[in-house]
Structures are given as structure tokens and as C-alpha cells.
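Architecture and fold: a report
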Amino acid sequence: MTMNSQQVQRFVLTYLEATGCSVIERSPNHVTVKLSPEADKALTNRPYYWGYVERTGVPAQTMSFTFIFDGEAYRTAQESSMENTSLPPSQAQPGQGPQPAPASGSPAQDQVMGRYFGHVPALPQLGPGRILQEELRYGSRRLHQIFEAARDGGKYVNLFEQPNARQLSARSPAVYEAWLGVCYKIEFACDLKREELHWLGISLKSGTIVPDFGGMLESRQLSPLLAGNMHVQPAKLSVPEASTSLENYLNVQLSQQDYKWAEQARERLREELEVIDHYYDDLVKEQKEEEEQKEAVQEQHQARRKEMVWQYEPKVLVSAINCGIFHLR
């Protein structure tokens, strides 16, 4: 799997918008943002600073980033912009008045200071006004960090279906029905591996289970905010009860699977163990008088058998990737 620059940009912008970051500047090749507290905690690795903020209650100063999606195009645009905004003195138009004096830290002032104090190295820009630059491409460390932050932040959600304009102006409120949705990952593993995703949903009102809950959500507009003129219906099932019902349903579905692959894996395991046993039995017979070496060979034999069992023994692993409460009309 890989992602091109457009896909990376779309994913990053979605994450920044979802976490409430403020966009300062944006172009087809980059975006400059001031991170929200949520994104700053996830991406900047400043636990001591955020611990200080939470203990003292002082206003938080989040960091700013320029995320570059196409480095070559971005640098070309920057160079073109600098050429258009900086004219040589010979091209200055008459009547423009005197030019302003060089600002502190400008090249002209640095040359004057250099005559008296020698070379003065440029100081890095520090503090809240500093904007860091990161070039994001598939496989980069920062993009992987955003992937991890999005995964951790999206494990548990509480979303509401948004009504249309007609419903907002209706006299009677619309009623929400709460659903528990869980995305399960099922791994059929031996020396080979196959994975399946099962996106299940259960109504907390009726206990009805929908096998393709993801498809049920695709056409609906969801938001973490409860819209006006909407009423949340009380749930009859608790979340633990609904979760148990989903697990029982999934167990029934797994019991109906074809497990010929597991029988074939056990047969391959038996053949591998026979080869290993035959090899080490001959090796032990060669160590007739050296007991210490014989014990070492036997220990190695048992370790090799455990390794083969771990690799070939068929198993079914089930894990919940993410879940949430979805209030649907």
C-alpha cells in the first residue's frame, strides 16, 4: 500500500480539521496551521509542558507547522514569490519616497556589526511565533505520527446524524435511535495469514444487529454536535449488554466458517515436526559420551519445536479496531 501526495494532503487536512486546528495559510502544495491543544499533545511530544499547563491553568501556547505536500513545487513557488516582491534599487520608481532603514537583524545591519565584532551567527527563531516546516510523504516519520494520532483519536466516537433543513423547522422534534457500532478485525493465522473486517452495529433500543453497519452509515452526514429540534431516545440495552450480543453474534458467524485451512496447517505442522524430530534424534545419538552437549542439543530441539508450533498452529484472533455510539434517525 502507498499514497500519492494528493492522498496524503487529503488525509492530513481531514485530520487537522477534525482536531480543530486553525489554518493560517494554504496552497495546493502546503498548509500552515496553528495546532489545536488536542493535535499539539498528539504531535509535538511535550508532556512536561502540557503537565505544567494543566497544573497551573496558564493559557496554552500551541505550536505552528507548515506541512509541505510537494516539496519541489513548494520551493519553486517560494522562489517565484521572492523574485516578484524584491526589486533591485535601480528599478525603484521615482516618487516613492525614501526607503525604510534596515530592520534589526537585516543583512545590512549584520554587515555593520560584523566590522566591529567579527562574524555574528544568525540566531534561531524561538518562542510561540516559530513555525516549523515538515515535508510529508508516504513513509515519513511525521506522517506516520499523524496516522497513529488519528487511529488513537478515532477509536471511540459519539456521533449524531445531521437533519435536513426541513426537519430543523418542523414542529415536532425528530427522534434519534442509538446504535453501538464496532469494527472487528478477524485474523485467520498459521504459517499463512488472512484478515477480515466485520463492521457490526446493534440498536440499543431493539437489539437488532446489522451485519454491514458501515454501509448503513455511508449515506448519512454525521457530526459530534447534537442538532436542534432533535430528541435522543432512551436506550433499553446497556453498552456492555450490546457488546456481549455482538460478540455472541460474531462467534456464531465464525463457527460457520470453512476450516479446511486449519486442517491443512496442522498437517504441515506434523510434517515439519517429523523432520525436526528425525534430525535431532540423529544428532543426539552422535553425542554418546558428551552428556553436556547432549542436553544442549535436546534444549535446542524443544525450542525448535515450540517455534514450529507457534508458526504453524492454526488460530483465530479477534480484536476491536474502533467503536462508537451512533445516534441515527
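Located above this text is the structure these notes cover.
A brief structural summary. Predicted, not measured: the structure shown is a model, and the values here were computed from it.

This next bit is on the overall build of the protein chain. Scanning the protein chain from N- to C-terminus turns up 11 helices and 11 strands. The buried share among the 329 residues of the protein chain stands at 29%. For the protein chain, restricting intrachain contacts to residue pairs at least 6 apart in sequence, the fraction spanning at least 24 positions comes to 72%. Only carbon and sulfur atoms are counted for the fraction: they give 52% of the accessible area of the protein chain, which is about 22,200 Å².

In this section: the sheet that holds strand β1 (residues 22-27). Strand order in the open sheet formed by 4 strands is β1-β2-β3-β4, and the pairing between neighbours is mixed. In this open sheet, the two edge strands, each paired with only one partner strand, are β1 and β4 (131-135). Neighbour to neighbour, the strand axes of the sheet diverge by 15° on average, direction disregarded. Here strand β3 (residues 64-68) pairs with β4 via 5 bridges, running parallel. Within β4, the position partnered with Phe65 by the bridge is Leu132. Running at roughly 15° to strand β2 (residues 30-34), helix α1 (residues 5-18) makes contact with β1, β2 and β3 of the sheet.

Turning next to the side chain of Ser223. In this structure, Ser223 sits in strand β9 (residues 222-223). A distance of 3.2 Å separates a polar atom in the side chain of Ser223 from the backbone nitrogen of Leu225. Once residues within four sequence positions are removed from consideration, Ser223 is found in contact with Leu159, Phe160 and Gln162.

Turning our attention to the packing of α1 against helix α6 (residues 141-153). Where α1 contacts α6, the two axes come as close as 11 Å, and the packing angle between them is 45°. Classified by the angle between their axes, α1 and α6 sit oblique to one another. The interaxial crossing formed by α1 with α6 has left-handed handedness. Seen from α1, the contacting residues are Val8, Phe11, Val12 and Tyr15; seen from α6, they are Leu143, Ile146, Phe147, Ala149 and Ala150. Of the residues assigned to the contact of α1 with α6, the class counts are 9 nonpolar, no polar and no charged.

The first and last C-alpha atoms of helix α9 (residues 239-255) sit 24 Å apart over 17 residues, in line with the 24 Å expected at 1.5 Å per residue. Residues Ala242, Leu246, Leu250 and Leu254 constitute the buried set of α9. For α9, the arc enclosing every buried residue in end-on projection is 115°, short of the 170-degree limit, so these residues lie on one face. Among the exposed residues of α9, those oriented more than 90 degrees off its buried face are Pro240 and Ser255.

The next subject is the pattern of salt bridges. Close approach of charged atoms allows side chains of opposite charge to pair. Applying the stated criterion across every chain yields a total of 20 salt bridges. Note that Glu161 is salt-bridged to Arg329, the shortest N-O span being 3.6 Å. A residue pair is termed long-range when its members are at least 10 positions apart, and Glu161 in strand β5 (residues 156-161) and Arg329 in the segment after β11 (315-328) qualify at 168 residues. Where Lys193 meets Glu187, a salt bridge forms, and the shortest distance between an N and an O atom there is 2.8 Å. Exposure remark for Lys193: the relative accessible area of 55% places this residue in the exposed category.

Let us now look at the nonpolar core. Counting residues in each nonpolar core, the largest one holds 19 residues, and the members touching the most others are Val12, Leu16 and Phe67. Contributing elements (two or more residues each) for this core: α1, β2, α2 (37-43), β3 and α6. If you tally residues by element for this core, the top one is α1, at 5 residues. Once you skip the residues sitting within four places of it in the chain, Leu16 turns out to touch Cys21, Val31, Val33, Leu35 and Phe67. Counting residues in hydrophobic clusters, the runner-up holds 18 residues, among them Cys190, Leu204, Ala242 and Leu250.

Turning our eyes to something else, we now look at the packing of helix α10 (residues 260-286) against helix α11 (residues 291-312). Put simply, α10 and α11 touch, their axes get as near as 10 Å, and they point 170° apart. Comparing the axis directions of α10 and α11 gives the class roughly antiparallel. The residues of α11 that touch α10, namely those facing Ala265, Arg268, Leu269, Glu272, Leu273, Ile276, Asp277, Tyr280, Leu283 and Val284, are Lys294, Val297, Gln298, Gln300, His301, Arg304, Arg305, Met308, Val309 and Tyr312. Classifying every residue of the contact of α10 with α11 by side-chain character gives 11 nonpolar, 3 polar and 6 charged.

On to the packing of aromatic side chains, then. All chains considered together, the criterion is met by 11 aromatic pairs. Seen from their ring centres, Phe11 and Phe147 are 4.9 Å apart, and the 70° between their planes marks the pair as edge-to-face. In this pair, Phe11 sits in helix α1 while Phe147 sits in helix α6, placing the two residues 136 residues apart along the sequence. Note on Phe11: relative accessible area 27%, which makes it partly exposed. The class of Phe147 is partly exposed, set by a relative accessible area of 24%. Ring plane angle 70° and centroid distance 5.5 Å describe the contact between Phe213 and Phe326, whose orientation is recorded as edge-to-face. Here Phe213, found in helix α8 (residues 213-218), pairs with Phe326, found in strand β11; they are 113 residues apart in sequence, far enough to count as distant. On the accessibility criterion, Phe213 (0% relative accessible area) is buried. Linked through ring pairs, Trp179, Trp199, Phe213 and Phe326 together constitute an aromatic cluster. Here Lys41 stacks its cationic end above the ring of Trp50, 5.1 Å away from the centre of that ring. Its guanidinium or amino end placed over the ring of Phe188, Arg194 lies 4.4 Å from that ring's centre, counting from NZ or CZ.

What counts, and at which threshold
Residues numbered from 1 in each chain as written. Predicted model: local features only at pLDDT ≥ 70, side-chain atom pairs only at ≥ 80, totals over all residues. Heavy atoms only, no water. Helix = DSSP H or I, 4+ residues; strand = E, 2+ residues; numbered from the N terminus. Buried < 20%, exposed > 50% of the residue type's maximum accessible area, 1.4 Å probe, protein only. Contact = heavy atoms within 4.5 Å. Areas by Shrake-Rupley, 256 points an atom, 1.4 Å probe, with all protein chains shown as cover. Pairing = 2+ DSSP bridges. Axes fitted to C-alpha atoms, helices over the stretch in contact; angles between N-to-C directions. Polar contact = N/O pair within 3.5 Å; in protein donor to acceptor, adjacent residues only side chain to side chain. Parallel < 35°, antiparallel > 145°, perpendicular 65-115°, else oblique. Left-handed = near helix turned anticlockwise from the far one by under 90°. Nonpolar A, V, L, I, M, F, W, Y, C, P; charged D, E, K, R; others polar. Expected span 1.5 Å × (residues − 1). Arc of directions from axis to C-beta. Salt bridge = Lys/Arg side-chain N within 4 Å of Asp/Glu carboxyl O. Core = buried A, V, L, I, M, F, W, Y, C linked by side-chain atoms within 4.5 Å. Phe/Tyr/Trp six-rings, centres within 6.5 Å; stacked < 30°, edge-to-face > 60°. Lys NZ or Arg CZ within 6 Å of the ring centre and 35° of its normal.

Purely geometric stuff here, so don't read any function into it on its own.
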